[in-house]
Each structure stands twice: as structure tokens, then as C-alpha cells.
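# Results of the structural survey
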Amino acid sequence: MVSTSVIIQEFPQTLKQYSTKVEEKQLDGMVSGIDRLRKQNPAVYDEKSVAMYLQERSKTLKGMVEEYFIASIANKFPLISDELFQLKRHLTLKAEDKTWKVVRDDTEREEDAENIERDEKRKIVTRRIEVPLFVYTPLFNGNHTAKLGSFTKQTGSSWSSSYKRTTVTVEAKLPGSIGPNLKNAYRSALSHYFSVLSEMFTSPAAGDIMYAEGNFAQPEVGATWIPTLESLSVNVDTKLIHKKKVLDPAMILKVKGKNYLVQTWRVDDEEPLEHYLREYSIGDLKGKLK
């Protein structure tokens, strides 16, 4: 069992392990590959084969241009693998007198541990949840708070017209403040992004493909980090939910402006409508009502 605090100390090494920088030589090779494929002609000349070849070439070129776009940004800013954000941590929370607190924080799940444990005598509930190890928040849009995970519980009788829904959310605030150095880095990141776009539009193949796609995502600059156990906050929100009162559906056959009852069916948490159908129907209802 490894404590998350140990992983936090290795934050720079972990980022480096999951990041890849693309060298200029690789970019040059990708440009040559795109250019060669763009100029390549099909080896056959019947109409069907040529059409199929052109479709496959177009699809391949789109993929190569997308890879080149990613690699061009990673030439200056290393590409972080998606696997980094799939790393998990395991939190153990305890509830006493409606107040939840994180009491344990590990990078691996406790063996043979149940997700929910209740001590009825001491009125203590233990809950275990899996959340991302690395969290993210936009830097220049929002309140710099990241949600790690949440769970809900409901209390109330099935026959009651309402019930209570309690949502417990674990959050973390981004540490530190945004100074001049970070703002300069932000401008540098956006400048590189738009310079890559500009350069790609000067390429005949890449420019045509990107123009045809017309799908340019607006870049966002954010922050990722591993929150410490001490920085985690647990918020509890309880709402009273009133159950909806909706009549059960009925299937009808419509013929020349007349409506004929075919069948009814029950839906959970809905009231039956048999008494309405009996009052407003003509004919034998045997076998029609469920």
C-alpha cells in the first residue's frame, strides 16, 4: 500500500514519465510523408478503383495531418499521455453526526474492504471511493476548484411521497496564486498554438484538409496537480425530493377518429389509471388492464 503523499513528492518525475517531446527530425519526416502521399497516383485506372483509392487516401491524409498537428505542438510543449489522468487514488471517508471527513488516502484499494460499512452501535458510516490521482481546473476561467468525486445516498420510505437525497462531494482548491511568470507562460502557449495553425495553412495538403474540416478547437490553459490530503474539502448537500405523480400509460388503437383501448402497463412510482379507463370505456375490459 502506497500513501498518496509519497506520490506527490514524485510529481515532477511522474509528469516526465508520461510526457513525450517531438524532435524536429520527426516533424520533417511527417511533412515528407504527407507530401509524398498527396502526390501519389493510383496504380489502377478503372473508375470504381480510383474512387475507392481517393477515399482511402483522403482518410489517411486526414489522420497524418492530425498527427502532424499534435506533434508540432509537442515540439515545444511535451505531449502528456491520457494514461496520466487515468491514474487513481482511493479515499476512505467516515461520517459522524452528518459530517463527512477523509480519514485515509492511498493509491491502491484496501484488500477485502467493502465500499460501505456501517457501525450501527456508534452510528458511524465508512465509505470508500475511487477518484482521479491528477485533477484539473481551467486557470483563467472559473474558481480554480477541482472536483475529485462524489456519491449520493437516499433516505425515506418507498411509500412516502418524498425522500431525502444527500450528495457528498470531495473537492480541492488549486494551491498558490497566478503571478507574472504564469501569465507569460500562458501567452507563450497560445502564441505557439496559433503559429502552428498558421504554418499548417501554408502547406497545400494540410491547409486544404484543415480548411475542409473547419473544426478548430478553442485552446484552454489549465492546471493539473495531485491535491494533498489536507487540502481536500468534503461538501454535503441534502435536498428534499418530491416524487412525481404521473399516470400509467395506455396503448390505444386509433381508427377513423375513434380510440380503442389495447393495453395498459405499469411504470414504477406512477399511479394507476384503471378507474379512469373503467369510467370512460365501453366494452369488456377483461384482459386489457395489467
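Computed from a prediction, not measured in an experiment: that's the story for all the values here. (Residues numbered from 1 in each chain as written. Predicted model: local features only at pLDDT ≥ 70, side-chain atom pairs only at ≥ 80, totals over all residues. Heavy atoms only, no water.)

The next thing to look at is the nonpolar core. Counting residues in each nonpolar core, the largest one holds 19 residues, and the members touching the most others are Leu91, Leu93, Ile129, Leu148, Val170 and Leu232. Non-local contacts of Leu232, meaning those with residues more than four positions away in its chain, are made with Leu91, Val102, Leu148, Val170, Glu171, Ala172 and Pro227. With 18 residues, the next largest nonpolar core counts Ala71, Tyr193, Leu197 and Met210 among its residues. (Core = buried A, V, L, I, M, F, W, Y, C linked by side-chain atoms within 4.5 Å. Buried < 20%, exposed > 50% of the residue type's maximum accessible area, 1.4 Å probe, protein only. Contact = heavy atoms within 4.5 Å.)

This paragraph deals with a negative patch on the surface. Where like charges cluster on the molecular surface, the negative patch consists of Glu23, Glu24, Asp28 and Glu199. Position of Asp28 among the secondary structure elements: in helix α3 (residues 24-39). (Patch = residues over 30% accessible without salt bridge, like charges linked within 9 Å, V, L, I, M, F, W, Y side chains within 5 Å. Areas by Shrake-Rupley, 256 points an atom, 1.4 Å probe, with all protein chains shown as cover. Salt bridge = Lys/Arg side-chain N within 4 Å of Asp/Glu carboxyl O. Lys, Arg positive; Asp, Glu negative; His and termini not counted. Charge placed at Lys NZ, Arg CZ, Asp CG, Glu CD. Helix = DSSP H or I, 4+ residues; strand = E, 2+ residues; numbered from the N terminus.)

Attention shifts here to the sheet that holds strand β8 (residues 145-155). In space, the three strands of this open sheet follow the order β8-β9-β11, with antiparallel pairing throughout. Only two strands of the sheet have a single partner each, and these edge strands are β8 and β11 (232-242). The average angle at which neighbouring strand axes cross in this sheet is 20°, direction not considered. Bridge analysis of strand β9 (residues 162-173) against β11 gives 11 bridges, and the strand direction is antiparallel. Bridging across to β11, Ala172 finds its partner in Leu232. (Pairing = 2+ DSSP bridges. Axes fitted to C-alpha atoms, helices over the stretch in contact; angles between N-to-C directions.)

This part takes up helix α5 (residues 180-201). Look at α5: 32 Å from first C-alpha to last across 22 residues, which is about the 32 Å you get at 1.5 Å a residue. Listed in full, the buried residues belonging to α5 are Leu190, His192, Tyr193, Val196, Leu197 and Met200. In a view along the axis of α5, the buried residues occupy a sector of 150°, so they form one face of it. Structural note: α5 exposes Pro180 and Asn181 on the side pointing more than 90 degrees away from its buried face. (Expected span 1.5 Å × (residues − 1). Arc of directions from axis to C-beta.)

Moving on, we come to the sheet that holds strand β5 (residues 116-119). The antiparallel open sheet is built from four strands, whose spatial order is β4-β3-β6-β5. Of all strands in the sheet, those with a lone pairing partner are β4 (99-106) and β5, marking the two edges. Taking each pair of neighbouring strands and ignoring which way they run, the sheet shows an average axis angle of 25°. Sheet topology note: the strand β3 (residues 88-96)/strand β6 (residues 124-132) ladder contains nine bridges and is antiparallel. Within β6, the position partnered with Glu96 by the bridge is Ile124.

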